[in-house]
Amino acid sequence: MGSEWRTGKLGDFVALQRGHDLTDSERRSGSVPVMGSAGQNGFHDTALAPGPGIVVGRSGASFGKIHYCSEAYWPHNTTLYVTDFKGNNPRFAYYFLSAIDFSRYNSGSAQPSLNRNYIYSIPVSFPEPIEQRAIAHILGALDDKIELNRQMNQTLEDIARALFKSWFVNFDPVRAKAAGEQPPGLAPHIADLFPDEFVESELGEIPKGWRVTDIYQVADVIYGAPFKSSLFNEEGVGTPLIRIRDLGTHNPKIFTPEVHPKGYLVQPGDLVVGMDGEFRAHLWRGPRAWLNQRLCCFKPKAGIPSAFIHYSIENPLQFFERSKTGTTVIHLGKFDIDTFRVLLPTDNVLAEFSLLVNSIDSRIVTTEMESRTLAALRDTLLPKLISGELRVPDAERIVGRYV
């Protein structure tokens, strides 16, 4: 550790204060982020803390979690928030606090709780502001790239969904041709693939030449296996196991050495659906992993793009989620999936859609995998930089190969 590092207590590094209550009825429409123990949880019209700011989860499941806000915000009472950085770089302070294991400083009993006076005495060592800025720049470059990737993936997904809606829900090209117009935005050779009239079907009016079919004509549905929970571990023994809670993060935390005879290994790019709580289709962007029970995977038949299946099943999934609301825990069953109906266009229209969206799905998965690599690198560098074990020039050379 360099001689320029200071030693002291956490209370010498930052000042903390408990956040402020804000009930749903008290919230007003605005653009001010409300920062809770799990991060931003909405907006309000009034800020109580200037940005940039940091909040620490004070209680509950997000106890000890650190969140950064670049603008003025409302710190919720489920958090402690920094009121004085005491001359330290705010973004460095975010990474510095993220490296502390606050779970060791629970001042509650049954419900975990973080007391600022209790953690002020934690011994710490930290560099001078000039090195703090350099460390924050290195780690921030990785986080900025991860955020840019997230935004890009959201844009790509929006493009694919908008194209599906235009062609297969609103039938924009068919309506334009039926009106004697050239479909806007379509090359002539693509526009020629669409009919210029509608016919009646069980789903209402559909383009002539298209047909309504069941889900099994376009996809195989594979159900997860009942892996033994007694073999679950967080030490990386075996293969990752996807549970419903992992669909939002694409980052399974549980591993199993079990090789179930009915097990299915999900691959990046597979379409996975949770069958309990909420029914959403997820383009899997995580590692190869076993599919646990109460999940299923929709595998497209030959010639059917995954994105077509993805957006075709969104409406029936939402229908069953709405219709089952009111029970304790809602469940999606095979009987429900058996009723899924799909509007299938002609082969040449589907082939053109595949050309446009397959590359989008591939790019989304590749970008997400890159972000996972960047996050792993950040998490490896963070404790080494914060402790002084790794110096800035060495870290810059490592990060330079990625961003």
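Just above, that's the structure.
Residues numbered from 1 in each chain as written. Predicted model: local features only at pLDDT ≥ 70, side-chain atom pairs only at ≥ 80, totals over all residues. Heavy atoms only, no water.

J.: What should I look at first to understand the sheet that holds strand E16 (residues 265-266) in this one?
T.: The strands that make up a sheet are held in pairs by hydrogen bonds between backbone atoms, and each pair lies either parallel or antiparallel. Strand order in the open sheet formed by four strands is E15-E14-E19-E16, with mixed pairing between adjacent strands. One side of each edge strand has no neighbouring strand; the edge strands of this open sheet are strand E15 (254-256) and E16. With two bridges joining them, strand E14 (residues 239-242) and strand E19 (residues 289-291) adopt parallel strand pairing. By the bridge assignment, isoleucine 242 is partnered in E19 with leucine 291. (Pairing = 2+ DSSP bridges. Helix = DSSP H or I, 4+ residues; strand = E, 2+ residues; numbered from the N terminus.)

J.: Would you mind going over the environment of leucine 355 with me for this structure?
T.: Looking at where leucine 355 falls in the secondary structure, it is placed in helix H10 (residues 347-387). When its relative accessible area of 63% is taken as the criterion, leucine 355 is described as exposed. With 50 residues separating them in the primary sequence, leucine 355 and proline 305 have C-alpha atoms 8.9 Å apart. (Buried < 20%, exposed > 50% of the residue type's maximum accessible area, 1.4 Å probe, protein only.)

J.: Just checking my understanding: could you explain the layout of surface pockets for this structure?
T.: The gaps left among the atoms become clear once a water-sized probe is rolled over them. Volume-wise, the second largest pocket comes out at about 460 Å³. The wall of the second largest pocket is formed by 19 residues, among which Phe164, Phe168, Val169, Ser312 and Asn315 lie closest to the centre. At the level of elements, helix H4 (129-168), strand E11 (204-207), helix H7 (306-312), helix H8 (314-324) and strand E21 (341-344) are the ones that each hand at least two residues to the lining of the second largest pocket. Here the lining of the second largest pocket is built from residues that sort into 12 nonpolar, two polar and five charged. (1 Å grid on protein atoms, 1.4 Å probe; cavity = no way out; pocket = protein on both sides within 12 Å on 5 of 7 lines; lining within 4 Å. Points joined across faces, edges and corners; volume = space filled by probe spheres on them. Nonpolar A, V, L, I, M, F, W, Y, C, P; charged D, E, K, R; others polar.)

J.: Help me out: how do you make sense of the side chain of aspartate 143 in this one?
T.: Considering the arrangement of structural elements, one finds aspartate 143 in helix H4. Assessed through its relative accessible area of 16%, aspartate 143 is described here as buried.

J.: Is there a simple way to explain the packing of helix H2 (residues 90-98) against H4 in this structure?
T.: How two helices pack is summed up by the angle between their axes together with the distance between the axes. Direction vectors running N to C along H2 and H4 enclose 75°, while the axes themselves pass 8 Å from each other. Taken together, the axes of H2 and H4 are roughly perpendicular relative to one another. Contacts from Arg91, Phe92, Tyr94 and Tyr95 in H2 reach Gln132, Ile135, Ala136, Leu139, Gly140, Asp143 and Asp144 in H4. Here the contact of H2 with H4 is built from residues that sort into six nonpolar, two polar and three charged. (Axes fitted to C-alpha atoms, helices over the stretch in contact; angles between N-to-C directions. Parallel < 35°, antiparallel > 145°, perpendicular 65-115°, else oblique. Contact = heavy atoms within 4.5 Å.)

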